[in-house]
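# A structural walkthrough
Listed below, chain by chain, are the residues.
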Amino acid sequence: MSSSRNDLLLSVGFALVVLAMPIWLAPFGAGYPDLLQRFMIYGIFAVGFNILFGLTGYLSFGHAAFFGVGSYTAVWSFKLLSLDAFPALILAVIVSGLFALVIGYLSLRRSGIYFSILTLAFAQMSYNLAYSVLTPITNGETGLQLTLRDPRVLDAITGQTYVGQPVPTLLGQQLSGYAGFYFCAFFLIVAFVLAQRIAGSPFGMMLKAIKSNQTRMQFTGFNTRPYALSAFLISGMYAGLAGALLAVTDPLAGAERMQWTASGEVVLMTILGGVGTLVGPVIGAWLIKYFENILSALNDQILVRFYSFLPEGVSELAVKVTSKFVGDGWFLTLGLVFVLVVIFLPGGIMEGVRRLANLFRRPGAPTPRPTAHVQPAE
């Protein structure tokens, strides 16, 4: 089967899985719109981060800065221009891309751990600026929100008026509930297909070569910095799009979206799913957001009802032990899952999928070539 046909089947299969999520996730308690929207948004965030880390090998700890810039830009678009989502998304991608261009140009003067530290430093500076110095723009710790007093020039010109709390729209249709989910799902599918094209293009081959051995490429006369900077720029634009979509579904922007923990979260998503794979980072994002929203909502009362079929003493012990891994302790469950994956599946969840596929492969069928494990660019 040709590579182009494989890519087409993967894209179509991915689109079908995404669009059917309200159905197949319902039995797992995750079929409600708010969580599905976050699955889509953080899937875009992880796919974009994987273009930089997975293809090029540059590990950034500062991508939350672009995520936050995208959110702030989108909310300001809703306040000043229109509640329509498209102008907000376009402006967010452009502004976050320019921001990524500046930070990438400065950070890529170094590689390896020094690059990672530089991106972390820029992200923390952005967070502190948003939290304090730039309060007139970001509204500090309160966060930037929509009000009825906002000018919204384009809406005023067209005579558009609103009653009650302003809500982002698409051609007059409010982007809430399942409408918001399918709106975000469209962008996740487009982002996935674009990342697939990038990975298979000559540009993507150059990025993989940088990850494999950047020094050797430089010795042969290739200037790798424009390629690495382009990957950083594209990745930052993905993050800005994700941040803008989060502002569309939840129309506010706060400095907490730019914290270092948000940057670390997307790193965990990518490693958990499989660095350098197309589907892996999306699966990693879905799993972490599922743990965050489902496990963190469990409490002792729910656990008591769940273990009610056990004898009284055993039920109490089960509740006492399980309560350490849910609710406020859901990070412990996430940490254990991450440790198990790193130890037994260094290539992430997608490595486990490949192993299972090999077990059920017909005898004599060609075995796919294993993906070489390469170190990040030094």
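What you see is a predicted model, and the numbers here were worked out from it, not measured in a lab.

Moving on: the overall build of the chain. A tally of helices and strands in the chain yields 17 helices and four strands. Expressed along its principal axes, the backbone C-alpha trace of the chain runs to roughly 70 × 70 × 40 Å. Out of the 378 residues belonging to the chain, those deemed buried represent 46%. Across the chain, the fraction of contacts at a sequence separation of at least 24, relative to all contacts at a separation of at least 6, is 75%. Put simply, the chain shows about 19000 Å² of open surface, and 68% of that area lies on carbon and sulfur atoms.

Closest axis-to-axis distance for the helix α4 (residues 64-80)/helix α5 (residues 85-107) pair is 8 Å, and the angle between their directions is 145 degrees. In this structure, α4 meets α5 at a crossing whose hand is right-handed. Across the interface between the two elements, Ala 65, Phe 66, Val 69, Gly 70, Thr 73, Ala 74, Ser 77 and Phe 78 of α4 pack against Ala 85, Pro 87, Ala 88, Leu 91, Ala 92, Val 95, Ser 96, Phe 99, Ala 100 and Ile 103 of α5. Tallied by class, residues from the contact of α4 with α5 come to 14 nonpolar, four polar and no charged.

What follows deals with the nonpolar core. Counting residues in each nonpolar core, the largest one holds 100 residues, and the members touching the most others are Phe 39, Met 40, Ile 44 and Leu 245. With 15 residues, the single largest contributor to this core is helix α3 (residues 33-56). Once residues lying within four places of it in the same chain are set aside, the contact partners of Ile 44 are Cys 184, Phe 187, Leu 188, Ala 191, Tyr 238, Leu 241, Ala 242 and Leu 245.

Here the focus is the side chain of Ser 263. Mapped onto the elements of the fold, Ser 263 is located in helix α12 (residues 260-273). The class of Ser 263 is buried, set by a relative accessible area of 0%. Residues contacting Ser 263, with those up to four places away along its chain left out, are Phe 61, Gly 62, His 63 and Ala 64.

One pair of aromatic rings is described through two measures. These are the centre distance and the angle between the planes. What the rule picks out here adds up to 21 aromatic pairs. Their ring planes at 20 degrees and their centres at 4.8 Å tell us that Phe 45 and Phe 67 sit as a pair that is stacked. Taken as a pair, Phe 45 in helix α3 and Phe 67 in helix α4 lie far apart in primary sequence, 22 residues in all. Neither residue differs from the other here; Phe 45 and Phe 67 are each classed as buried. Arranged with centres 5.2 Å apart and planes meeting at 80 degrees, the rings of Phe 186 and Phe 187 form a pair that is edge-to-face.

The rules behind the values
- Residues numbered from 1 in each chain as written.
- Predicted model: local features only at pLDDT ≥ 70, side-chain atom pairs only at ≥ 80, totals over all residues.
- Heavy atoms only, no water.
- Helix = DSSP H or I, 4+ residues; strand = E, 2+ residues; numbered from the N terminus.
- Buried < 20%, exposed > 50% of the residue type's maximum accessible area, 1.4 Å probe, protein only.
- Contact = heavy atoms within 4.5 Å.
- Areas by Shrake-Rupley, 256 points an atom, 1.4 Å probe, with all protein chains shown as cover.
- Axes fitted to C-alpha atoms, helices over the stretch in contact; angles between N-to-C directions.
- Left-handed = near helix turned anticlockwise from the far one by under 90°.
- Nonpolar A, V, L, I, M, F, W, Y, C, P; charged D, E, K, R; others polar.
- Core = buried A, V, L, I, M, F, W, Y, C linked by side-chain atoms within 4.5 Å.
- Phe/Tyr/Trp six-rings, centres within 6.5 Å; stacked < 30°, edge-to-face > 60°.

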